[in-house]
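Topology and contacts: notes
Below, each chain spelled out in residue letters.
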Amino acid sequence: MRYRLLLFLQMINLISSGVLPPRKRFPDAIIVGVKKSGTRALLEFLRINPLIKAPGPEVHFFDKNFNKGLEWYREQMPETRIGEVTIEKSPAYFHSKMAPERIKSLNPNTKIIIVVRDPVTRAISDYTQSSSKRKRVGLMPSFETMAVGDCANWLRANCTTKTRGVNAGWGAIRIGVYHKHMKRWLDHFPSQNIHIVDGEKLISNPADEISATEKFLGLSPVAKPENFGVDPIKKFPCLKNDDGKLHCLGKTKGRHHPDVEPSVMRALKEFYGPENKKFYQLVNHWFDW
């Protein structure tokens, strides 16, 4: 009895002093996508702020691991103290049909972060990643074949359903029709709970994009231009350590993209043109795509 009383008094002292032991909490914010738009870079750059904490690998709870339950999800989170912000990142959530509703059911006040970039560039980056992973089982067809040719014999997907000459059913193309996925998020979360990061500016001016995201999270920005440098080979932004050395994201980030035939690039631009405008109107923001 006396031991319990001592524990109770100790807890009261901790509460009154504003000091509580760290514990695992559900995330305050989730980077839900978009795949191959800079979500990894965004999270790594946000970690400049010591109040931002995140789990290591992508958790994929709201799409692939939902059956494991909420306590499993909580256990994947880092320990945080009051005032610190927990962020999860699983970019496949963006195009998941179930993720928005599931996240809202857990916490309707969750802050949603979405990174977007030119969908043509995003599709090429998606292809480049997939191609690098499949070298052990044989090379993929060319990007041109996948984007505008006949890829049905290679993929078990309805990739030959063409819209304006483009394989709109191929996942790398379909994900980039942002407005169709964005509508689901706006159906479940108010616009003030959603922050959109410009993936192109995240490369060209990371400090501004990171500062804006810190403010969205309710934190005082700490990111400054001097925190960043550029990889001399890949021309991709890196973090700059106190000693001036660059800390870059690894060989899989900023990898070289294949040269795509101009006619295919034109077809993709024409395909995405009206789709992009619908997205701009939906989020009330114009991008230079």
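Residues numbered from 1 in each chain as written. Predicted model: local features only at pLDDT ≥ 70, side-chain atom pairs only at ≥ 80, totals over all residues. Heavy atoms only, no water.

**Examining the pairing of strand E6 (residues 111-116)**
Here is the rule: Only protein chains enter the accessibility calculation, which uses a 1.4 Å probe; a residue whose area is less than 20% of its type maximum is buried, one above 50% is exposed, and one in between is partly exposed. Only DSSP runs of H or I covering at least 4 residues are called helices, and only runs of E covering at least 2 are called strands; the numbering of each starts at the N terminus. Two strands pair under a simple rule: DSSP has to find at least two bridges between them.
By the criterion of burial, E6 is predominantly enclosed, with five of the six residues buried. As paired elements, strand E2 (residues 29-33) and E6 share four bridges and run parallel to each other. Residue pairing across strands places Ile 30 opposite Ile 112, the latter belonging to E6.

**What to know about the UniProt feature "active site" (unreviewed entry) in the chain**
Applicable threshold: UniProt positions are given in the numbering used here, feature names are shortened, and annotations may be inferred rather than shown by experiment.
UniProt's entry tags Lys 36 with the feature "active site" (unreviewed entry), counted in the numbering of this structure. Along the chain, Lys 36 turns up in the loop between E2 and helix H2 (39-46).

**Side note on the side chain of His 60**
Applied cut-off: Definition of a polar contact: a pair of N or O atoms within 3.5 Å, with one able to donate and the other able to accept a hydrogen when the atoms are protein atoms, and with sequence-neighbouring residues admitted only if both atoms are side-chain atoms. Working rule for contacts: check all heavy atoms of both residues, and any pair within 4.5 Å makes them a contact.
Here His 60 is to be found in the loop between strand E3 (52-53) and helix H3 (70-75). Separated by 3.1 Å, the side chains of His 60 and Glu 58 make a polar contact. Polar contacts involving the side chain of His 60 include one to the side chain of Asp 63, which spans 3.2 Å. Aside from chain neighbours lying at most four places away, what touches His 60 is Asn 65, Glu 88, Ser 90, Ala 92 and Tyr 93.

**Quick word on the pattern of salt bridges**
Defined as follows: Between Lys or Arg on one side and Asp or Glu on the other, a salt bridge is scored when a side-chain nitrogen of the former is within 4 Å of a carboxyl oxygen of the latter.
The final tally for this structure, using the stated rule, is eleven salt bridges. Salt-bridge contacts for Glu 58 lead to Lys 89; the nearest nitrogen and oxygen are separated by 2.6 Å. On the criterion of sequence distance, the pair formed by Glu 58 in the loop between E3 and H3 and Lys 89 in strand E5 (residues 85-89) is long-range, its members being 31 residues apart. Residues Glu 71 and Arg 74 are paired through a salt bridge, measuring 3.2 Å at the closest nitrogen-oxygen approach. Taken together, the positions of Glu 71 and Arg 74, both in helix H3 and three residues apart, correspond to about one turn of that helix. The exposure class of Glu 71 is partly exposed, given its relative accessible area of 48%. One salt-bridge network, in which partners are shared between bridges, spans Lys 35, Arg 122 and Asp 126.

**So, unusual backbone geometry**
Between Gly 33 and the following residue, Val 34, the backbone shows a cis peptide bond with an omega angle of 10 degrees. Here Val 34 is to be found in the loop between E2 and H2. A positive phi angle, close to 55 degrees, is found at His 60, a residue other than glycine. His 60 gets classed as buried once you look at its relative accessible area, which sits at 14%.

**Details of the sheet that holds strand E9 (residues 194-198)**
Within a sheet, neighbouring strands are paired by backbone hydrogen bonds and run either parallel or antiparallel to one another. Rules: To obtain an axis, a line is fitted to C-alpha atoms, over the contacting stretch when the element is a helix, and the angle between two such axes runs from 0 to 180 degrees between their N-to-C directions.
Taken together, five strands build an open sheet; the order of strands is E3-E5-E2-E6-E9 and the sheet is parallel. Only two strands of the sheet have a single neighbouring strand rather than two, namely E3 and E9. Sheet contacts for H2: E2, E3, E5, E6 and E9; angle to E5, the most-contacted strand, approximately 160 degrees. In this fold helix H10 (residues 206-216) packs onto E6 and E9, with an angle of close to 175 degrees to the strand it touches most, E9.

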